[in-house]
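Chains, contacts and geometry: an overview
Below, each chain spelled out in residue letters.
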Amino acid sequence: MLYDVDFDTPIDRKGTYCTQWDYVSDRFGQADLLPFTISDMDFAIPQPIINALKTRLEHPVLGYSRWNHDDFKSAIRHWYKTRFECDIDTEWLVYGPSVIYIVSKLIEQWSLPGQGIVFHTPAYDAFDKVIAGQGRKCIRSRLIERIGRFDIDWPDFEAKLADENNTVLLLCSPHNPTGRVWCQEELQKIADLCDKYQVSVISDEIHMDICFKPHRPYVDIGRDHRWAVVTSASKSFNIPALTGAYALIADKKSHNQYLHRLKEVDGLSSPSILAVLGTMAAYNEGERWLTALNDYVLANHEYVRDTLQSAFSEIIYQVPDSTYLAWIDLSPLNLDMKALEKTLIETFHVAIMPGSTYGKAGKNHMRLNLGCPRSKVEVGVDALIQAIKRQR
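Please read all numbers here as calculations on a predicted model, not as lab measurements.

1. A closer look at the nonpolar core
With 71 residues, the main nonpolar core has Y80, L169, F237 and Y283 as its most contacted residues. Broken down by element, the residue count for this core peaks at seven residues, all from helix α11 (residues 273-285). In contact with F237, not counting residues within four places along its chain, are I45, P46, I49, W79, A282, Y283, G286, W289 and L290. Counting 27 residues, the second largest nonpolar core, distinct from the first, contains F312, M337, L384 and I385.

Following this line, the structure appears as structure tokens:
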């Protein structure tokens, strides 16, 4: 199906109960800011998804529904085969209302209160919250930053996996906020270490589709000890409001235990039918839109790189391997980050996520959401440049 893809035309999201626009004051203390914050996009969703939702809403009954049917599972199998050249067993599939929900349930299954969950930092702030919320310990392995590139600190990482109190690795692949795509060799080394120390792997792959270099799903790697790939079409196709995620869990006992908790404990076995249909439409008909999105977001990253480095030669911004999130290192400028954030908000009325949101490893960084029209990116980057100049 052919349709026009327009990412340049701004869409007014105010008044839609939108977290990023309507509730920006919750985090930044001031309303009516131009937000580059929570990771959803300002783009219209693909037309095939809109068509699927409209068609379903023409039916006047919205009763309980199911996800465990071949139409849903075959759409996911098709996506993995065409997108990643990866064969999956659809019997591994389970559904959940969100990626973080599934992650939380697997942490609960694969560890005991007080045990450690290993993850790389800087990290998506929900990781800290869900681990602490389950009464587990956050075991952080800081990535090594080398001129805008992030690598695993292998000795530190292995030492933390070797601690028998640490039973789960929460892998972010691709990594948020740095945008790092782990290569085949890195993933294999991670798998080998986790097998060696009997550490279960939960691979959060929600950013797997917005990549500028090949992403390798952990399903191709994890074959021995317990592992799960947890993801969703929500980030790729801008449909998080529909809710809905899924996981691939090969271990039958873990698979059945998860489904028991989903249905018998939490009462969540009936999914949002719009989420199921949206995922199916995305995976069956959305690849052309996604390809155009990746091209557009990559160009936004290149604009940020060129503009920032033109203004400040000290800033080395490397275009990341993935995501529409620009992870900007401002440490060479020796700025007062609190003052910078205050200037952005109070003088330029712009909200950009401070790197400190993602832990100590995010100090002196900012995370700029580029899932938006170029015209908005230009305003945000100019505001950042002008706010920096006021401190110099």
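2. A short note on the pattern of salt bridges
Across all of its chains, the model carries 19 salt bridges by this definition. E186 serves as the salt-bridge partner of R180, at 2.6 Å between the closest nitrogen and oxygen. The same class applies to R180 as to E186, namely buried. Residues joined in a network through salt bridges with shared partners are R146, R149, D151, R180 and E186.

3. Looking at the sheet that holds strand β9 (residues 227-231)
Overall, mixed pairing links the seven strands, which are arranged β2-β10-β9-β8-β7-β3-β4 in an open sheet. Only two strands of the sheet have a single neighbouring strand rather than two, namely β2 (93-96) and β4 (137-142). Averaged over all pairs of adjacent strands, the angle between strand axes in this sheet comes to 25°, irrespective of strand direction. Examined bridge by bridge, strand β8 (residues 200-204) and β9 share four bridges and lie parallel to one another. Across the sheet, the residue bridging to V201 is W227, located in β9. Its contacts with the sheet put helix α4 (residues 70-84) on β2, β9 and β10 (245-249), and the angle it makes with β10 is roughly 75°.

4. A short note on the pairing of strand β7 (residues 166-172)
Across the seven residues of β7, seven count as buried, placing the element largely inside the fold. Where strand β3 (residues 116-121) and β7 come together, three bridges link them in parallel fashion. Note on β7: the bridge partner recorded for G116 is N166. When β7 meets β8, the two strands line up parallel, connected through five bridges. Paired with L169 across the bridge in β8 is V201. This β-α-β element, β7 to helix α8 (residues 184-196) to β8, shows right-handed connectivity.

5. Considerations on the environment of W289
Examined against the element boundaries, W289 turns out to sit in helix α12 (residues 287-311). On a C-alpha basis, the gap between W289 and T82 in space is 15 Å, while along the polypeptide they are 207 residues apart.

6. Notes on unusual backbone geometry
Omega for the bond connecting T121 with P122 falls within 30 degrees of zero, at 5°, which places this linkage in the cis form. For P122, the location among the structural elements is in the loop between β3 and α6 (125-133). Of note, the amide linkage connecting S173 to P174 takes the cis form, showing an omega dihedral of -5°. Along the chain, P174 falls in the loop between β7 and α8. Here D32, not a glycine, exhibits a phi torsion of approximately 60°, which is positive.

7. Here's the deal with the sheet that holds strand β1 (residues 34-36)
Pairing is mixed in the open sheet, where four strands are placed in the order β1-β12-β13-β11. In this open sheet, the two edge strands, each paired with only one partner strand, are β1 and β11 (325-329). Strand after strand, the sheet turns through a mean of 35° between neighbouring axes, direction not considered. Strand direction decides the pairing type here: strand β12 (residues 350-354) and strand β13 (residues 365-369), joined by two bridges, are antiparallel. From the neighbouring strand, M353 faces β13, where its bridge partner is R367. Sheet strands in contact with helix α13 (residues 337-346) are β12 and β13, and its direction is about 30° off that of β13.

8. Brief notes about the packing of helix α7 (residues 154-162) against α8
Packed helix pairs are characterised by how far apart their axes lie and by the angle those axes make with each other. Contact pair α7 / α8: the axes reach a minimum separation of 9 Å and the direction vectors enclose 30°. As summarised for this structure, α7 and α8 are arranged roughly parallel, according to the angle between their axes. Both α7 and α8 take part in a crossing whose hand is right-handed. Judged by residue contacts, W154, F157, E158 and L161 of α7 engage E186, K189, I190, L193, C194 and K196 from α8. Class assignment for the residues of the contact of α7 with α8 results in six nonpolar, no polar and four charged.

9. Thoughts on the packing of aromatic side chains
All chains considered together, the criterion is met by 18 aromatic pairs. Each ring, one from W67 and one from Y95, has its centre 6.4 Å from the other, and the planes form 20°; the classification is stacked. Highlighted residues: W67 in the loop between α3 (47-57) and α4 and Y95 in strand β2, separated in sequence by 28 residues. Just as W67 is buried, Y95 falls in that class too. Across the ring face of F36, the terminal group of K376 is positioned such that the distance to the ring centre comes to 4.7 Å.

Conventions used here
- Residues numbered from 1 in each chain as written.
- Predicted model: local features only at pLDDT ≥ 70, side-chain atom pairs only at ≥ 80, totals over all residues.
- Heavy atoms only, no water.
- Core = buried A, V, L, I, M, F, W, Y, C linked by side-chain atoms within 4.5 Å.
- Buried < 20%, exposed > 50% of the residue type's maximum accessible area, 1.4 Å probe, protein only.
- Helix = DSSP H or I, 4+ residues; strand = E, 2+ residues; numbered from the N terminus.
- Contact = heavy atoms within 4.5 Å.
- Salt bridge = Lys/Arg side-chain N within 4 Å of Asp/Glu carboxyl O.
- Pairing = 2+ DSSP bridges.
- Axes fitted to C-alpha atoms, helices over the stretch in contact; angles between N-to-C directions.
- Right-handed = clockwise from strand over helix to strand, strands pointing away.
- Parallel < 35°, antiparallel > 145°, perpendicular 65-115°, else oblique.
- Left-handed = near helix turned anticlockwise from the far one by under 90°.
- Nonpolar A, V, L, I, M, F, W, Y, C, P; charged D, E, K, R; others polar.
- Phe/Tyr/Trp six-rings, centres within 6.5 Å; stacked < 30°, edge-to-face > 60°.
- Lys NZ or Arg CZ within 6 Å of the ring centre and 35° of its normal.

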